[in-house]
Amino acid sequence: MNNARRDEDEESDGSPKDPPARSPSKHSFAESSGGGKSAGHTVCVNDRAGNAQYGYPQNFLKTSHYTFINFIPLNLLLQFQQFSNVYFLLVMVISLVPNVSPITPLSAVVPLVLILGVAMIKDGYEDFKRHIADRKDNSGLVTTLVDGAWKDIPSSDLEVGDIIKLERGAGEACPVKADIVILSSSEKDGVVFIETSQLDGETSVKPRKAREQTQDIQTPSQWMEHTRNGKSVTLHVDEPNPKIYVWQGVMDLPETVEKRYPIFIKNVIWRGSSMRKTAWVIGAVLYTGMDTKQGRNLKQAKRSISSFYVRMNALVAQIFVFKHIVLFPLAILNVVWNDDNRDKTWYLMGLLDYNSTEQFFLNYMTYFVLLSFMIPISLFVTVEFCKIAQYLLMVWDSEMLYFMKGVGWVNCRPKTSDLNSELGLVKYVFSDKTGTLTENIMRYMEGAVLVNGVWETHSEGDHPGTLHQQTSPTFHGLSTSVVPANRNEAIGRYLATIGMCHSVIPFVKEDGKTVIFEGSSPDEVALVQAACNNKFTLTHRESKLITITVNSVDYQYTILKELEFSPTRKMMSLILEDSSKNIFLLCKGADSSILNNLSPDCLGVDQLKAINDILVGYASNQYRTLVSAYRPLDRNTYNDWESKYTTVMGRLDRTDEDIDRICMSIETNLTVVGVSAYEDKLQDGVPDTIRFLTDAGVVVWILTGDKLETGVEIGKTCGLCDQAEIIHTHINKELTQQQDLADDKDLQEDEREERRKRREQLVLGKLKSATERAINLKSSSTAGNHRVTIAIDGTTIDVMQLQREDREIERAFVALAAVIHSAICCRLTPGQKGYIVSLFQKESGRTALAIGDGANDATMISAAKVGIGIIGLEGSQAELASDYAIARFRFLQRLLCVHGRYALYRSSKCATFSFYKNIVLSLCQVYFALYSAYTGNTIFDSWLLSVFNTFFSFFPPFMVGAFGKDIPEEVLMDRTVGPKLYADRRDKGGLDSVEVLGGAVSSFIHGSLVFWLSFPVGELDDIDTSNGRGGGLIHHGTVVMTLVVVAILMKAILILHQITATQLSGIAFSFVLYFAVVGIYSLIPSLFGERNVFYGTADTLFVDVKLYFLIILIVIGVVVFLDFTVMYIQRHWFPTLRDIAADNYEYKDPPWSLKFPFFGCSPTDESSRIVPEITEANQPAPNILLPQTTARDPDVPHRGSVRGAFEFAPAGRQHRPPPLPVASQLDFWGQPSPGSSPRPLLGGHPCDPGNGAANGTLPQHQQKLARLPLAGAQSSSTLPLAVSIV
């Protein structure tokens, strides 16, 4: 991976998209991963006794968290980190105190044990799967050199220093079970081809090679020749760390004179890689077990706490306070009642033997237990189950399914369910460019060649090979002449340079004719392919040899040195030697690097201006560019440099800066050859997605390493900005022009400090000026309705990061960001990307989302509250760092506006409904205290009370939280009203305060109605029993409990805007379950050795017609009618944006028609079998859901309704759905009857002629929507009753 792919381009100040072999940080292998100095990591090869002193770990990778012994204590410790579990543990302990608990103590223990048990079973099952995966990953035999002979041992028994031999079977890939340094291989020059998809997701074949000093080690006897006088080979390498692309070391060989040789990342293979196209390889084990790169990267996923979770905990705390506001007066009133009635209630004398203080504390604990039901014990478990359901709906969403060539079908891959609701709260989106907004499929488009002092440009585009056809370039090998002899030779040199200066490997396909090119850098492959199209074909590449074929003539060169790409140099070079022993340096990289290292007489002022104009022109076409250069080297110059290079590489304390410095010392006095421009097309749907997000009030930032001009052009193309609105802060130009601002290490410290302060003042002034201009643009009459975009270069961020004092630049930067709508930041390093995201996350307090596809995006993805990884060609580093992974940028719209908004709505409804039902129940207990002398006695049976949350009322909030929809997804994806709906829901926050307050008022009214309207039954003891006696407290409490359960079940139906069969069946199941449990419980004469006072209650109560009369009168006649009236008034006189959008949406399937969630469609509907767009024809879709799918024509309107709770239907199309048939034309399933003509039920689009909206005859709130066109409309004033709750 020597010349890693340049996302952020070689023009970038940042590290490449695919991280390079070295990091820009000051890193040496003598430094531990913690940053302090250490002795490094010493390996005595084939000497277990010598390595024993270092205590290296066993070669076993462990991802599981628990063992059989520690699972229960550790998991319980984890469970009790939640406040709610601690709270209910306290309730359980108090309930065990004699004469305190008003309920059976065991009934307080069972719910907590049940809740903890469910959570522990879930964690235990997940850890059990990890144990199975660990055993599988650590199994297998490895051939190891033991006592001078090869022997197979289990891979888990490998130790550091062991010499192993990996052999690949025919057509198979050989997995590598430890980190090894290559000693030799079956290929010439010790080359090994590997694939690292299991480590970083990259599927391309990469070359690795052995040091030439060990390439002859192929047998045990040959190894003994390298260990003279019993002294083993010793390796001094980096301490174990998680950096996959950062590693170096030295190898000490006990030769006649002991020598030290540098080794790099190209000499090692990490565990998790697979050997390809190589018969065998011999290597020495460097790291084992958790010290391997794979082990060091097995970190726990970042635990982000969602805003909803924080708000929910705050609500729990508020209810806890409210509970005490109710609790203290009740405890005090009991003391007062006892003092007033102590002499009158002789039959309570035993209970009144406590003084007032003791009585208060006893009653406090009693009511603490009794009113503990104000906080639902099942709340957090229910929310967790809801998040799992939301997680699965994302995975199963066929609209986010994408076919990738070479990979197959890729769906959404959530890594966590904790941040589902956070997706609905996103205010800032920070996006990478290459591979995220673009395809990351490079294609050579244009080029420019310096011919006789004049720049000649050419264009290939869709016609590869045009340059060769039009010019007939000549090539007779690399020339020692700096200036080409003629035009054809100049073009030939250009094609040879881009055809040889790279790390690409050619492979011949099975047909024996076709050559394919494999490389870790897509832009390198594009340039090699361009040279091949023009008859300059790379035919062979080894570690020390490269061959290019031109007009059937092979030109072979020896590779003396390969200077790998680094972010600091922003270039890579190849030093070659031809058969005549002439030496040449070929170089390519960013224009900012190459043009600054040219020989003084290479380009004149006019030529330099011309190449800059060419580069700007390419950038305006959104092309990425590389500049190629050339330098003949004399033997003495090379030998002197090579000696210094070897010295630096052999030092134990060498750093990346040392390596860059020695490389740059030879990469000078260059002669420019040409400029290459290649295209990375914008992905489909990117402009629509960005416009949707910006319309929703989301501030979108593009963070890239490209040139500022390229970034601005991409911003225009993707709809992020218009030229008239862009405010530039190009600090780098001014710093370049003003030499007195540049930093110079040779200056005195006082002068350097003074220059630093002047740079800070320059940046600060620019930011403040840009802020004022942005405010003026927003407030001006001509631009008031337009977006304002800021374009910033990386130098501004660099100066801001280095400010040491009061961080005034940071505050100015944040102030500027607050008045703009979007931004483009160019020339950024990965660290600067993470810095910007962290700054906004901290200063704004709003949810920031970062999205990228490469390893250099992992920093900003990890820094953001929500990280999104694009599954693409750049490996899996971004995906591994992310919270959610998607295949295309356009899926971000659906992830946020459908799944994120639904998750926020569902979680909010689930929480508020959970609190509602428990407050209704607790309020009945409070009212009963008025008639029980405030003693804390319960009106309900203890066991019925204990299963209220876990059985009777568990399913309603779960059905709301898992499958509830307040509006169809087609409306949410609508370009006009969708952004407004997303912004409206986001601005309400995690838990809508109005909704919480409404739920509290509703619970108070419902609890009051249920208790007081049923009170006469208890007061008159009006329950008939078989023995003629009254029913008493047990019967009356059961009546109240029944009314509470029925009331909350009816409430659950009322708050559902769209009812599916799954939701209705869950609510119905709760209804049946309640009566079944009560009936069975009343048949048990004794329970746990105690007489069951509830015995026979159901026989009496359920046959009494008064119970059902109360249900109909109180619950349906009063509670439901009251709620329905309030909903009607709110919808028609105080409609929200959601209400307006829902009323004007024309349903393709009536909301009252039931679906069959596990079968995908209604019995008469065969047209619902759908599949998303694919990029390659005739590819079978995976069976994500149970129904099979068939392809559809994307240009034909289709039925996109929800096919049950477990499937998302297609959305995002800009077609008007078919009109809703009249009610008389609907069959039982809500589908058009055979032979009926599909005509509108109530009218068409609100803006259609003759539709009332045009002449103002519609209600006022529908006239508002006439300016927000949707995919169909209806007049809510004439909607059927069943639709009025949508």
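Residues numbered from 1 in each chain as written. Predicted model: local features only at pLDDT ≥ 70, side-chain atom pairs only at ≥ 80, totals over all residues. Heavy atoms only, no water.

Structural notes on the overall build of the protein
As a reminder of what qualifies: Secondary structure follows DSSP: runs of H or I at least 4 residues long count as helices, runs of E at least 2 residues long count as strands, and numbering of each begins at the N terminus. Burial classes follow relative accessibility: with a 1.4 Å probe on protein chains only, a residue under 20% of its type's maximum area counts as buried, one over 50% as exposed, and anything between as partly exposed. The Shrake-Rupley method, run with a 1.4 Å probe, gives the accessible areas here. Residue values count only the displayed protein chains as cover.
From N to C terminus, the protein includes 39 helices and 38 strands. Looking at the protein as a whole, 59% of its 1286 residues are labelled buried. Surface accessibility of the protein: about 51600 Å² in total, with carbon and sulfur atoms responsible for 57%.

Here's the deal with the sheet that holds strand β1 (residues 41–44)
Rule in force here: Pairing between two strands requires that DSSP report at least two bridges joining them. Lines are fitted to the C-alpha atoms to define the axes, a helix being fitted only along its stretch in contact, and any angle between axes, read from their N-to-C directions, falls within 0 to 180 degrees.
Spatial ordering of the open sheet is given by β1-β9-β10-β11, a layout of four strands whose pairing is antiparallel. Strands with a single pairing partner mark the edges of an open sheet, and in this sheet they are β1 and β11 (259–264). On average, adjacent strands in this sheet sit at an angle of 20° to one another, irrespective of strand direction. Of the pairings in the sheet, the one linking strand β9 (residues 234–237) to strand β10 (residues 248–253) comprises four bridges and is antiparallel in character. Bridge pairing in β10 links T234 to D252.

A short note on the sheet that holds strand β20 (residues 454–459)
One open sheet accounts for nine strands, arranged β20-β19-β29-β28-β27-β26-β25-β24-β23; its pairing is antiparallel. Bordering the open sheet on either side are β20 and β23 (536–541), each of which pairs with just one other strand. Sheet twist, expressed as the average angle between the axes of neighbouring strands with direction ignored, equals 30°. In the sheet, strand β26 (residues 571–577) pairs with strand β27 (residues 583–589) via seven bridges, with the strands oriented antiparallel.

Quick look at the packing of helix α27 (residues 891–929) against helix α32 (residues 978–988)
The line we're drawing: Crossing handedness is read from the near helix: turned anticlockwise from the far helix by less than a right angle, it gives a left-handed crossing, and turned clockwise, a right-handed one. Contacts were defined at the residue level, with two residues in contact if any of their heavy atoms lie within 4.5 Å. Throughout, the ten residues Ala, Val, Leu, Ile, Met, Phe, Trp, Tyr, Cys and Pro are labelled nonpolar, Asp, Glu, Lys and Arg are labelled charged, and all others, Gly among them, are labelled polar.
Running from N to C, α27 and α32 cross one another at 35°; their axes reach a closest spacing of 10 Å. With respect to the hand of their crossing, α27 and α32 are arranged in left-handed fashion. Only L981, Y982 and R985 of α32 make contact with α27, whose side of the interface consists of L896, C897, R901, L904, Y905 and S908. Class assignment for the residues of the contact of α27 with α32 results in six nonpolar, one polar and two charged.

A look at helix α34 (residues 1032–1055)
The condition that has to hold: Between the first and last residue of a helix there are one fewer steps than residues, each counted as 1.5 Å, and that sum is the expected span.
For α34, built from 24 residues, the straight-helix expectation of 34 Å at 1.5 Å per residue is met to within 8% by its first-to-last C-alpha distance of 35 Å. Buried residues dominate α34, accounting for 19 of its 24 residues.

A few points about the pattern of salt bridges
Going by this rule: Any Lys or Arg side-chain nitrogen located within 4 Å of an Asp or Glu carboxyl oxygen qualifies as a salt bridge.
According to the stated counting rule, one finds 36 salt bridges in the structure shown. The residue K988 makes a salt bridge to D984 at a minimum N-O spacing of 3.5 Å. Of this pair, K988 and D984 are both found in helix α32, four residues apart, which corresponds to roughly one turn of the helix. Among the salt bridges present, the one from R1131 reaches D1139, with a minimum N-O distance of 3.3 Å. The buried category is assigned to D1139, whose relative accessible area is 3%. What you see here is one network of salt bridges that share partners, running through D397, R894, K965 and E969.

Description of the side chain of R493
By the element assignment, R493 lies in helix α12 (residues 487–500). With sequence-adjacent residues up to four places away left out, R493 is seen in contact with S479, S481, V482, V483, P484, Y630 and V673.

Notes on the packing of aromatic side chains
Threshold: Pairing of aromatic side chains here covers Phe, Tyr and the six-membered ring of Trp, requires ring centres within 6.5 Å, and sorts the geometry by plane angle: under 30 degrees stacked, over 60 edge-to-face, intermediate tilted. Cation placement over rings: the criterion is NZ of Lys or CZ of Arg within 6 Å of the ring centroid and within 35° of the ring normal.
Tallied over the entire structure, the rule returns 44 aromatic pairs. Ring centres of F430 and W701 lie 5.8 Å apart, and the angle between their planes is 45°; this geometry places the pair in the tilted category. Taken together, the residues span a long stretch of sequence, with F430 in strand β18 (residues 426–431) and W701 in strand β30 (residues 699–703) at a distance of 271 residues. Across the pair, W701 and F430 agree in class, each one buried. Seen from their ring centres, Y638 and W641 are 6.1 Å apart, and the 40° between their planes marks the pair as tilted. Of this pair, Y638 and W641 both sit in helix α16 (residues 635–650), three residues apart, roughly one helical turn. By relative accessible area, which is 4% here, W641 ends up buried. Here the aromatic cluster, defined as three or more aromatic residues joined through ring pairs, consists of Y87, F88, F320, F328, F360, F361, Y364 and F368. Cation over ring: K277 sits above F507, and NZ or CZ is 3.4 Å from the ring centre.

Some points on a nonpolar patch on the surface
What counts here: Distance thresholds for patches are 9 Å for like charges and 5 Å for nonpolar side chains (Val, Leu, Ile, Met, Phe, Trp, Tyr), applied to residues having over 30% relative accessible area and no salt bridge.
A cluster of nonpolar side chains, contributed by L114, V118, F385, I388, L392 and F951, occupies part of the molecular surface with about 420 Å² of accessible area. Positionally, L114 belongs in helix α4 (residues 105–137).

Looking at unusual backbone geometry
Glycine aside, a negative phi is what most residues show, and trans is what most peptide bonds show. Of note, the phi angle at N452 is positive, near 55°, even though the residue is not glycine. As for its position among the elements, N452 is in the loop between β19 (438–451) and β20. Judged by its relative accessible area of 58%, N452 is exposed. In the Ramachandran plot, K535 falls in the positive-phi region, its phi being about 75° despite a non-glycine side chain. Structurally, K535 is set in the loop between α13 (522–533) and β23. Judged by its relative accessible area of 45%, K535 is partly exposed.

So, the pairing of strand β3 (residues 149–154)
Two elements, strand β2 (residues 141–146) and β3, share six bridges in a ladder whose sense is antiparallel. Residue pairing in the sheet places T144 in a bridge with K151 of β3.

Quick notes on the pairing of β26
For β26, the tally of buried residues reaches seven of seven residues, placing the bulk of the element in the interior. Burial along β26 is two-sided: the residues M571, S573, I575 and E577 and M572, L574 and L576 are all buried. Bridge count for strand β25 (residues 553–566) against β26 is six bridges, and the pairing is antiparallel. Its bridge partner lying in β26, L563 is registered against S573. Counting the residues that bridge the hairpin from β26 to β27 gives five residues, and of these K581 lies at a positive phi of roughly 70°.

Describing the state of the cysteines
Just so we agree on the cut-off: The term disulfide is used for any two cysteine sulfur atoms that are within 2.5 Å.
Throughout the structure, instances matching the rule amount to zero disulfides. For C826, which is in no disulfide, the shortest distance to another cysteine sulfur is to C825 and amounts to 7.3 Å. Of the residues examined, C826 reaches a relative accessible area of 0% and is grouped as buried.

Digging into the packing of helix α21 (residues 749–779) against helix α22 (residues 794–802)
In a packed pair of helices, the relevant descriptors are the angle between the two axes and the axis-to-axis distance. For clarity, the threshold we go by: The cut-offs work like this: below 35 degrees is roughly parallel, past 145 is roughly antiparallel, 65 to 115 is roughly perpendicular, and the gaps in between are oblique.
Between α21 and α22, the shortest axis-to-axis distance is 10 Å and the interhelical angle comes to 120°. Taken together, α21 and α22 sit at an angle that is classed as oblique. Both α21 and α22 take part in a crossing whose hand is left-handed. On α22, the residues that touch R756, R759, E760, V763 and L767 of α21 are T796, V799 and L802. Counted by class, the contact of α21 with α22 contains four nonpolar, one polar and three charged residues.

Quick notes on the side chain of S922
Relative to the helices and strands, S922 is located in helix α27. Owing to a relative accessible area of 1%, S922 belongs among the buried residues under this scheme. Those residues within four positions of S922 in sequence are excluded, and the remaining contacts are L371, F373 and M374.

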